[in-house]
Amino acid sequence: MTDAVGPLIVATLAVPLSAALLVTLLPTPVAADRLNLATSTLTAALALALAVVAIAAAPDVASRGSWYVLDVASGVFLAVVAVVGFASAAMSPFYLRHAGRSWFTARRSHAWYYAAFNIFWAALLALPLAENLAIAWLLIEATTAASALLVAFSGKRSALEAGWKYVVLTTLGLATALLGIVVVYAAVGSDGSGLGRLDWQALAQHANELPHEATLFAFVLILVGLASKIGWAPVHNWLPDAHSEAPPPVSALLSAALLPTVLLIAWRTKLALEPALGSGTVQELFIGFGLVSLLVAIPFLWRPLPWKRLLAYSSLEHMGVLALGIGFGTPLAIAGVVIHVAGHALAKALGFYTAIPLLREDPRTADAPARGIARTSPPTATAMSVSLVSLAGLPPSPLFVSEVMILLGGMEAGLLAVSSIAAVLLALGFLGLAHALLEGLFGGEKGPHRRPSRSVQAIALLAGIAAVALLGLTAIAYALPGSDIVEALMRSGA
Amino acid sequence: MSPAAITALVVLGFAVMLVRRRSLATLLVSAQAMVLGIAALSLARGRPADFLVAAIILLVRAVALPALLTFTRRRTPEPYLVIPATTVLVRLVLAATVVLIAAASIPPLGLGDRPAEHAAVALLSLGIAIVIMRRPALLQVLGILVAENGIYLLAISVPGGLPFVIELGVLFDLVLVVTVAAAFTHKIHGEVGSGDTDLLRALRD
């Protein structure tokens, strides 16, 4: 099977890239919708096959080539990107059908949307497979161009503002990270050959020989640079704007796939360079980003925000939780991180898809909090509930289990004070989201009951699937600690 | 790299922070890339493959990207002068402070060319400062290019240089991002009638 991994990876990346090209040649929006659905089904199937191979090989690395690595971490993140990408592709026609004005002409808008979408998705699929720090950086930078066009797809003034902020801030952040990568490359010196000096495995092998001061400087630059793309506070300014202004399927891909996938690169960099730096400083940096992200996000979860903006600040909160989990670094915390990545992806993507019928039925919810949705559209209210209950961490949400695992992992690492502060912040976040959900479902004046549209029917179906998947994830969470999967994740990339 | 070339790179970076006209700022960034490109070519002498890559990078950074930005500038004429958020003196003092702190705080990076290490970090800091302090979208794109020139300076200072895959990959990504940023500049100008990013302030919580 491992012989087939290389061609399978090439096929997984070639299908969306070919789709990006082909879709621009199609004459009608409907044809573009159909082609995209077909190619995205194939892409997701290929990526999920790779994920299964990777996870089944735990605790070993399934396959390692000259430019790729297929380990358990690749498998988990590939699965997340595949599922969210496919769901976003499937939900895109519901958005595009009623999108109105866009950056492009009405006739070509579907084609250009799908072209940018597929390039963005292909880069995201390649990212967990990247065996090399520099290649990973190139892929992250490549996501910026395609996703910025998608963020500003509506062409509205606010979308242009969000897209511009996203391009400028993340490009500068990644420039900072690149400077750090050049320093690491120089520090590795003549040990290793060319590009291979920056392979995760080579970095881990040579880490003990790296000069401490220069490597620490480089690591800080890389982490701060990646933080600007992950959306960790205080370098998160683009995140709420881009998530709220992008088309909902793109917001889902940004929040549920892009942020955690870039976080995987930060995690792999940590594991590779930790021997040169000592675990203390590295841990403090991750925990610092985690706590600051929680502190910045929580007050916004208490404010009456439009639905997508609320979800954006929830992303900031959850990226903070993941930073804490990686910072703690104990097996229990890492098990929590994996469940958190998957649970957050499912719940957050569903939340953003819910914005499609929500915005269509009541366009005011683009700029104001949703109110009384349980009365006007029970299926939409159900999807909102599944999403926000899970994101808030109410049992039996897998995010409840993962947050408990991460906090216990922190205590296990001897960081009782940090875990306690994080627990209080998460409790406040829970209350904020619970309040927002109750107001969204039952608050406001009585509105008319609306007949379910096709997008409402689709979101009801997705809510059911997501609820089952989330419960399944909760069950997996109980079995994960102590498994081969966690053992493999503790040394991802090395 | 020669001290004169390094000084020229930093002075050109400061000049981009200070000048008013977008056309002049574009020329300054082009000149900066030209200085870097010539330095890279001289370092690659005797190695044909390295020389070819350095020549491609010079052409793209010093000619193609400034040409793209000049094209964008001509398509986005400003109806009025965008008033800078701060005076020239304040910008100069702030930029000098940022650059001095950044350059002074870096440890030895092991490249064996300490002035180049300082200048690389100075240019990255200057690029970030330009994006923060300059309002016109096109000047913010030029700020990104100043920062990227700083990284290229560090890259060519690495003994043996960087692998072609990284150098050309970074160049490809840079072209993509600048092209998208140029498209945004045009679109923003069409939407608000100016490239002044201060007019884009709708998204606040």
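Let me begin by describing the structure that accompanies this report. All values reported here derive from a predicted model rather than from experimental measurement. (Residues numbered from 1 in each chain as written. Chains lettered and ligands numbered in written order. Predicted model: local features only at pLDDT ≥ 70, side-chain atom pairs only at ≥ 80, totals over all residues. Heavy atoms only, no water.)

Every contact between the two is made by 46 residues of chain A and, on the other side, 47 residues of chain B. Taking both partners together, chain A and chain B bury about 4100 Å²; carbon and sulfur atoms supply 78% of that area. Across the chain A-chain B interface, the total number found is zero salt bridges. The interface formed by chain A and chain B holds two residue pairs in polar contact (both at pLDDT 80 or more) in total. Put simply, the parts of the chain that give the side of chain A that touches chain B at least two residues each are helix 5 (133-151), helix 6 (157-188), helix 8 (212-230), helix 9 (238-245) and helix 12 (307-328) of chain A. Looking at which element gives the most residues to the side of chain A that touches chain B, the answer is helix 6 of chain A, with 20 residues. For the side of chain A that touches chain B, a count of residues per class yields 30 nonpolar, six polar and 10 charged. (Contact = heavy atoms within 4.5 Å. Buried area = accessible area lost by both parts, 1.4 Å probe. Salt bridge = Lys/Arg side-chain N within 4 Å of Asp/Glu carboxyl O. Polar contact = N/O pair within 3.5 Å; in protein donor to acceptor, adjacent residues only side chain to side chain. Helix = DSSP H or I, 4+ residues; strand = E, 2+ residues; numbered from the N terminus. Nonpolar A, V, L, I, M, F, W, Y, C, P; charged D, E, K, R; others polar.)

Right, let's get into the environment of A227(A). Residues and elements named next belong to chain A. Turning to its location among the elements, A227 is positioned in helix 8. For A227, a relative accessible area of 0% translates into the label buried. With 33 residues separating them along the chain, A227 and P260 place their C-alpha atoms 11 Å apart. Ignoring sequence-local partners within four residues, the contact set of A227 consists of W232, V235 and F289. (Buried < 20%, exposed > 50% of the residue type's maximum accessible area, 1.4 Å probe, protein only.)

Structurally, A159(A) can be placed in helix 6. Taking C-alpha positions, A159(A) is 27 Å from L35(A), a pair spaced 124 residues apart along the chain.

Okay, the packing of aromatic side chains next. Residues and elements named next belong to chain A. A full pass over the atoms with the stated rule returns 12 aromatic pairs over all chains. Ring centres of Y113 and F153 lie 5.1 Å apart, and the angle between their planes is 70 degrees; this geometry places the pair in the edge-to-face category. Of this pair, Y113 sits in helix 4 (residues 109-126) while F153 sits in the loop between helix 5 and helix 6, and the two are 40 residues apart along the sequence. We classify F153 as buried; its relative accessible area is 1%. Centroid distance F117 to W121: 6.1 Å. Interplanar angle 55 degrees. Geometry classified as tilted. Placement of both F117 and W121 in helix 4 is noted, with a separation of four residues, approximately one turn of the helix. In this structure, F117 and W121 share a single accessibility class: buried. Feature note: the residues Y95, Y113, Y114, F117, W121 and F153 constitute an aromatic cluster, connected by ring pairs. Just above the ring of Y185 sits the side chain of R197; from NZ or CZ to the centre is 4.2 Å. (Phe/Tyr/Trp six-rings, centres within 6.5 Å; stacked < 30°, edge-to-face > 60°. Lys NZ or Arg CZ within 6 Å of the ring centre and 35° of its normal.)

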